[in-house]
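So you can see what is in the structure, the chains are spelled out below.
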Amino acid sequence: MMPCCRSTLKCPSRVTKLEDYLEVWRSPSRIVVALSAALGALALLLASIGVYAMVSYTVNQRVREIGIRMALGADSAEVKSLMLLQAMRPVVIGGLTGVVGCAAVSWTLSSMLFGLGPRDPIAFITVPALLLAVALLASYIPARRAAKVDPMVSLRYE
């Protein structure tokens, strides 16, 4: 039996692949990436809930106005479209502002983020589209509910 030498270059029993060495160095960054992805998903969920709550609250506050409009002759389609347009205006403005801010920050941080370019389609398309869809749903559900209410009931609401 041949004794193993002290040098790792000459000893056949201590030969390891480069992938094994790289895996040791990659594991901390993978943990950071997984944690960042989880926190990003949580932030997106909280933003969606916040947008839904704010838009839904705003439309619910206008139930009396909807009743007056319907008592004066507006049909439910007109009321729904009015509520959707007025509820989505600040959401669209906020979304555009967020995309512009994201563009400014991504150019600054692109050198620090591995694998992400300054024009990442997930950040610029998917996230704003998801938030706009949530806001559209948040404004459509209460507007539809309020448009179905009898005008006399909504006028006695408060």
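Residues numbered from 1 in each chain as written. Predicted model: local features only at pLDDT ≥ 70, side-chain atom pairs only at ≥ 80, totals over all residues. Heavy atoms only, no water.

Draft legend 1. Seen up close, the pattern of salt bridges. In this structure the tally under the stated criterion is two salt bridges. Notably, a salt bridge pairs Glu 65 with Arg 69, separated by 3.0 Å at the nearest N-O pair. Of this pair, Glu 65 and Arg 69 both sit in helix H2 (residues 63-71), separated by four residues, roughly a single helical turn. Connected via shared salt-bridge partners are Arg 62, Glu 65 and Arg 69. (Salt bridge = Lys/Arg side-chain N within 4 Å of Asp/Glu carboxyl O. Helix = DSSP H or I, 4+ residues; strand = E, 2+ residues; numbered from the N terminus.)

Draft legend 2. Spatial organisation of the side chain of Ser 56. By the element assignment, Ser 56 lies in helix H1 (residues 18-60). Assessed through its relative accessible area of 12%, Ser 56 is described here as buried. (Buried < 20%, exposed > 50% of the residue type's maximum accessible area, 1.4 Å probe, protein only.)

Draft legend 3. Representation of the nonpolar core within the structure. Counting 15 residues, the largest nonpolar core has Val 55, Val 59, Ile 66, Val 79, Met 83, Val 91 and Ala 135 as the members making the most contacts within it. Looking at this core, the elements that each hand over two or more residues are H1, H2, helix H3 (76-109) and helix H4 (121-148). Excluding anything up to four places from it in sequence, Val 59 contacts Met 83, Ala 87, Ser 139, Pro 142 and Ala 143. (Core = buried A, V, L, I, M, F, W, Y, C linked by side-chain atoms within 4.5 Å. Contact = heavy atoms within 4.5 Å.)

Draft legend 4. Spatial organisation of the side chain of Ser 139. In this structure, Ser 139 sits in helix H4. For Ser 139, the side chain forms a polar contact with the main-chain oxygen of Leu 136, separated by 3.1 Å. Discounting chain neighbours no more than four positions away, the residues touching Ser 139 are Val 55, Val 59, Leu 84, Ala 87 and Met 88. (Polar contact = N/O pair within 3.5 Å; in protein donor to acceptor, adjacent residues only side chain to side chain.)

Draft legend 5. A look at the environment of Arg 156. Among the structural elements, Arg 156 can be located in the segment after helix H5 (151-155). When the C-alpha atoms of Arg 156 and Arg 64 are compared, they prove to be 8.1 Å apart, with 92 residues separating the residues in sequence.

Draft legend 6. Expanded view of H2. Within the span of H2, buried status applies to Val 63, Ile 66, Gly 67 and Met 70. Each buried residue of H2 sits inside an arc of 100° when the element is viewed along its axis, so together they form one side. Contacts made by the buried residues of H2 are with H1, H3, H4 and H5. With its phi angle positive at about 115°, Gly 73 sits one or two positions after the end of H2. (Arc of directions from axis to C-beta.)

Draft legend 7. Main features of the confidence of the model for the protein chain. Of all residues in the protein chain, 87% attain a pLDDT of 70 or more, and the chain-wide mean is 79. For the protein chain, per-element mean pLDDT is lowest for H5, which scores 76, and highest for H3, which scores 86. (pLDDT = per-residue confidence, 0-100.)

Draft legend 8. Local environment of a nonpolar patch on the surface. Taken together, the side chains of Leu 35, Leu 39, Leu 42, Leu 45, Leu 46 and Ile 49 define a hydrophobic patch exposed on the protein surface, amounting to about 590 Å² of accessible area. Looking at where Leu 42 falls in the secondary structure, it is placed in helix H1. (Patch = residues over 30% accessible without salt bridge, like charges linked within 9 Å, V, L, I, M, F, W, Y side chains within 5 Å. Areas by Shrake-Rupley, 256 points an atom, 1.4 Å probe, with all protein chains shown as cover.)

Draft legend 9. Structural view of the environment of Ala 129. As for its placement among the helices and strands, Ala 129 is situated in helix H4. For the pair Ala 129 and Gly 95, spaced 34 residues apart in sequence, the C-alpha to C-alpha distance is 8.8 Å.

Draft legend 10. Main features of H3. For H3, which comprises 34 residues, the first-to-last C-alpha distance of 48 Å matches the rise-based estimate of 50 Å (1.5 Å per residue) to within 8%. Approximately 30° is the largest bend angle found in H3, and it occurs at Met 88, with the proline Pro 90 only one to four residues beyond. The complete set of buried residues in H3 reads Val 79, Met 83, Leu 84, Ala 87, Met 88, Val 91 and Ser 106. (Expected span 1.5 Å × (residues − 1). Bend = angle between axes of the 7 residues up to and from the residue.)

Draft legend 11. Structural detail: the packing of H3 against H4. Axis separation between H3 and H4 bottoms out at 9 Å; the angle between their running directions is 160°. With respect to their mutual orientation, H3 and H4 come out roughly antiparallel. The two elements H3 and H4 cross, and the hand of that crossing is right-handed. Per-class residue counts for the contact of H3 with H4 are 19 nonpolar, three polar and two charged. (Axes fitted to C-alpha atoms, helices over the stretch in contact; angles between N-to-C directions. Parallel < 35°, antiparallel > 145°, perpendicular 65-115°, else oblique. Left-handed = near helix turned anticlockwise from the far one by under 90°. Nonpolar A, V, L, I, M, F, W, Y, C, P; charged D, E, K, R; others polar.)

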